[in-house]
Amino acid sequence: MLQDVVEYLVCPHCGQGLAAGPGGGALRCPERHTFDIARQGYVSLLPGDAHTGTGDTAAMVAARDAFLGAGHYAPVAEALAAAAPADARCVVDLGAGTGHYLAAVLDALPGAHGIALDISKFALRRAARSHPRAGAVVCDAWRPLPIRDDAADLVLNVFAPRNGPELRRVLRPGGTLLTVTPTPRHLGELVEELGLLGVDGRKEERLAATLGPYLDSAGGSEHDFTMLLDHEAVRTVVGMGPSAWHTDRAALAERIAGLPDPVPVTASVTLSRFTNGPVAR
């Protein structure tokens, strides 16, 4: 479904609009910069000097797909879908991963199309198939996003990097940004027992500092719920997050074996809403 969102995309080299090339297997701008569409359905709009080393690995993506597919974070997806403006037509998910949350929002917005943005091609192979009205694009969140000015009615940002100036640029006036960030209670039962990375207690302050100069805060809500995870689900939730880069597999397996099976684990997130200026009436 990449063809349905091409009108919102721009060339990462010259900033001009893109269109399908002859045969539909590539995108091309008026300056003849050409970007092949992968057989899995996504397109890379990374500039030539970009580095993808920070992207999720194939193993991390597989873990995330399994964990989200099992419904453990369903309340987060439901909260995002409920908060999405009913009139949104272009939804951009920055740091979309597998497209799980984008798909939930598109299900709630039958007239909308979505664009999954991520730096991991492994994630976007899945995001390209996540929903019939979603397209998937490889890009770097810290560079200019390959999205037209004022294109997005709604931007999602779930456990992902936030580029304030670019978020403001791609959001239409009055458009909405929904962010999901973990609270210090998130996965608390596992953090100490397994030696995982904890959540910075000043995360909400840093979120406000990152986005406050560019977008208007429109409130937020906390969502806490308990998950009952067996040992395999514990391994999966560790493997899909930032702790996957910092844990020793043998030591982790030994510590997981010492947990109750299943183990109650707290999920705790803040859903925050920002707007690009006053909301249109």
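Going by the structure above, here's the rest.
Let me sum up the structure you'll find in this document. (Residues numbered from 1 in each chain as written. Predicted model: local features only at pLDDT ≥ 70, side-chain atom pairs only at ≥ 80, totals over all residues. Heavy atoms only, no water.)

**Here we look at the overall build of the protein**
Line of reasoning, step 1. A tally of helices and strands in the protein yields nine helices and eleven strands.
Line of reasoning, step 2. Relative to its length of 281 residues, the protein is compact, with a C-alpha radius of gyration of 19 Å against a globular reference of 19 Å.
Line of reasoning, step 3. Taking the principal axes of its C-alpha atoms as reference, the protein extends roughly 60 × 40 × 35 Å.
Line of reasoning, step 4. Taking contacts inside the protein between residues at least 6 apart in sequence as the whole, the part at least 24 apart equals 65%.
Line of reasoning, step 5. Carbon and sulfur atoms make up 51% of the accessible area of the protein, which totals about 12700 Å². (Helix = DSSP H or I, 4+ residues; strand = E, 2+ residues; numbered from the N terminus. Rg over C-alpha atoms; globule rule 2.2 N^0.38 Å. Contact = heavy atoms within 4.5 Å. Areas by Shrake-Rupley, 256 points an atom, 1.4 Å probe, with all protein chains shown as cover.)

**Here we look at the pairing of strand β5 (residues 90-94)**
Line of reasoning, step 1. Burial analysis of β5 places five of its five residues in the buried class, the great majority of the element.
Line of reasoning, step 2. Residues Cys90, Val92 and Leu94 of β5 are buried on one face, and the alternating residues Val91 and Asp93, pointing to the opposite face, are buried as well.
Line of reasoning, step 3. Looking at chain direction, β5 and strand β6 (residues 113-118) are connected through five bridges and run parallel. Bridging across to β6, Cys90 finds its partner in His113. (Buried < 20%, exposed > 50% of the residue type's maximum accessible area, 1.4 Å probe, protein only. Pairing = 2+ DSSP bridges.)

**Some remarks on the pattern of salt bridges**
Line of reasoning, step 1. In total, this model carries nine salt bridges according to the counting rule given.
Line of reasoning, step 2. One salt bridge in this structure joins Arg172 and Asp153, with 2.7 Å as the shortest N-O distance. You can see Arg172 sitting in strand β9 (residues 171-182) and its partner Asp153 sitting in strand β8 (residues 152-158), a full 19 residues away along the chain.
Line of reasoning, step 3. Glu222 is paired through a salt bridge with Arg185; the nearest N and O atoms lie 2.7 Å apart. Placement of Glu222 in strand β10 (residues 216-229) and of Arg185 in the loop between β9 and α6 (188-194) is noted, with a sequence separation of 37 residues between them.
Line of reasoning, step 4. The structure contains a network of salt bridges with shared partners spanning Asp149, Glu166 and Arg169. (Salt bridge = Lys/Arg side-chain N within 4 Å of Asp/Glu carboxyl O.)

**Section: the packing of helix α8 (residues 231-239) against helix α9 (residues 249-257)**
Any two packed helices are characterised by how steeply their axes cross, that is the angle between the axes, and by the distance between the axes.
Line of reasoning, step 1. It is the contact of α8 with α9, at a shortest axis distance of 10 Å, that shows an interaxial angle of 140°. Between α8 and α9, the angle falls in the class oblique. Once α8 is placed against α9, the crossing between them reads as right-handed. When α8 is examined against α9, the residues His231, Val234, Arg235 and Val238 are found in contact with a partner set consisting of Leu252, Ile256 and Ala257.
Line of reasoning, step 2. Class assignment of the residues belonging to the contact of α8 with α9 gives a composition of five nonpolar, one polar and one charged. (Axes fitted to C-alpha atoms, helices over the stretch in contact; angles between N-to-C directions. Parallel < 35°, antiparallel > 145°, perpendicular 65-115°, else oblique. Left-handed = near helix turned anticlockwise from the far one by under 90°. Nonpolar A, V, L, I, M, F, W, Y, C, P; charged D, E, K, R; others polar.)

**Here we look at the environment of Leu45**
Line of reasoning, step 1. Along the polypeptide, Leu45 turns up in the loop between β4 (43-44) and α1 (58-69).
Line of reasoning, step 2. Exposure remark for Leu45: the relative accessible area of 2% places this residue in the buried category.
Line of reasoning, step 3. A C-alpha to C-alpha distance of 8.6 Å links Leu45 and Val10, two positions 35 residues apart in sequence.
Line of reasoning, step 4. Ignoring sequence-local partners within four residues, the contact set of Leu45 consists of Leu9, Val10, Pro12, Leu18, Phe35, Val137, Val138 and Pro146.

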